[in-house]
Amino acid sequence: DTEIVSSRTRWAGMSESGQRSSGGVRSSAVDGPFAETKEFVAGFSPGVRSRAVSGAYADVNGLRMYFETHGRSRQRPLVLLHAGFTTIESSFGPVGRALALGRPVIAVEQQAHGRTADIDRPLGYEQMADDTAALLEQLEIEQADFFGYSMGASTALQIAVRYPELVNKLAV
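Residues numbered from 1 in each chain as written. Predicted model: local features only at pLDDT ≥ 70, side-chain atom pairs only at ≥ 80, totals over all residues. Heavy atoms only, no water.

### What to know about the environment of Ala171
Note that Ala171 resides in strand 8 (residues 167–171). By relative accessible area, Ala171 is classed as partly exposed at 35%. For Ala171 and Leu157, which are 14 residues apart along the polypeptide, the C-alpha to C-alpha distance reads 9.3 Å. Residues in contact with Ala171, not counting those within four places in the same chain, are Phe146, Phe147 and Gly148. (Helix = DSSP H or I, 4+ residues; strand = E, 2+ residues; numbered from the N terminus. Buried < 20%, exposed > 50% of the residue type's maximum accessible area, 1.4 Å probe, protein only. Contact = heavy atoms within 4.5 Å.)

Quick look at the structure:
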């Protein structure tokens, strides 16, 4: 019953010397917080540097939740939880780009924020924590670090209380 639908992805590959690489490279226009992405070493192709921006939707707890993934995929991810009445871009912008240089980053837009629509159910920190935990379960993330800003900090605290096995480090 899990559906994750990719919305937009931009791949630009280049060799260590700055030459364009061909195999496995896709290009398309991308809007959003990480449109000016930084390089990371692609694990599937040693010696080839790539930039990736990926936004997707996942159905969690009756909600079609928007999220983005950035950075390396072999380390423990950092989950970014935005402030109230904001989006990934307005809460994290350049900071999110910088954080994705050394590790994978998953940025989530909560119910009734940004590209995640509102649905007919109560909106609270506990529900946002449940939605985030359900998303991470779908992504097969067993443990993550969390960085919550304002409302995101309250959501992160609820994740730590309700799903302690999911939390490695918490920054609020």
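### So, the nonpolar core
Of all hydrophobic cores here, the largest spans 22 residues; its most connected members are Val79 and Phe146. Secondary-structure elements contributing two or more residues to this core are strand 3 (48–60), strand 4 (63–70), strand 5 (78–81), strand 6 (105–109), helix 2 (125–138), strand 7 (144–148) and helix 3 (151–162). The greatest single-element share of this core, amounting to 5 residues, is contributed by helix 2. Beyond its immediate chain neighbours, meaning those up to four positions away, Val79 contacts Ile106, Val108, Thr132, Leu136, Ala144, Asp145, Phe146 and Phe147. The next biggest cluster of nonpolar side chains, apart from the first, holds 9 residues, and it includes Tyr57, Leu78, Ala100 and Val105. (Core = buried A, V, L, I, M, F, W, Y, C linked by side-chain atoms within 4.5 Å.)

### Here's the deal with the pairing of strand 6
Within a regular beta strand, the side chains point alternately toward one face of the sheet and then the other, so they alternate between its two faces. With 5 of 5 residues buried, strand 6 lies mostly within the body of the structure. Side-chain alternation along strand 6 places Val105, Ala107 and Glu109 on one buried face and Ile106 and Val108 on a second face that is also buried. Across 5 bridges, the pairing between strand 4 and strand 6 is antiparallel. Bridge pairing in strand 6 links Glu68 to Ala107. (Pairing = 2+ DSSP bridges.)

### Concerning helix 3
The terminal C-alpha atoms of helix 3, which comprises 12 residues, lie 17 Å apart, in line with the 16 Å expected from a rise of 1.5 Å per residue. Three or more residues of helix 3 are buried, namely Met151, Gly152, Ala153, Thr155, Ala156 and Ile159. Contact partners of the buried residues in helix 3: strand 5, helix 2, strand 7 and strand 8. (Expected span 1.5 Å × (residues − 1).)

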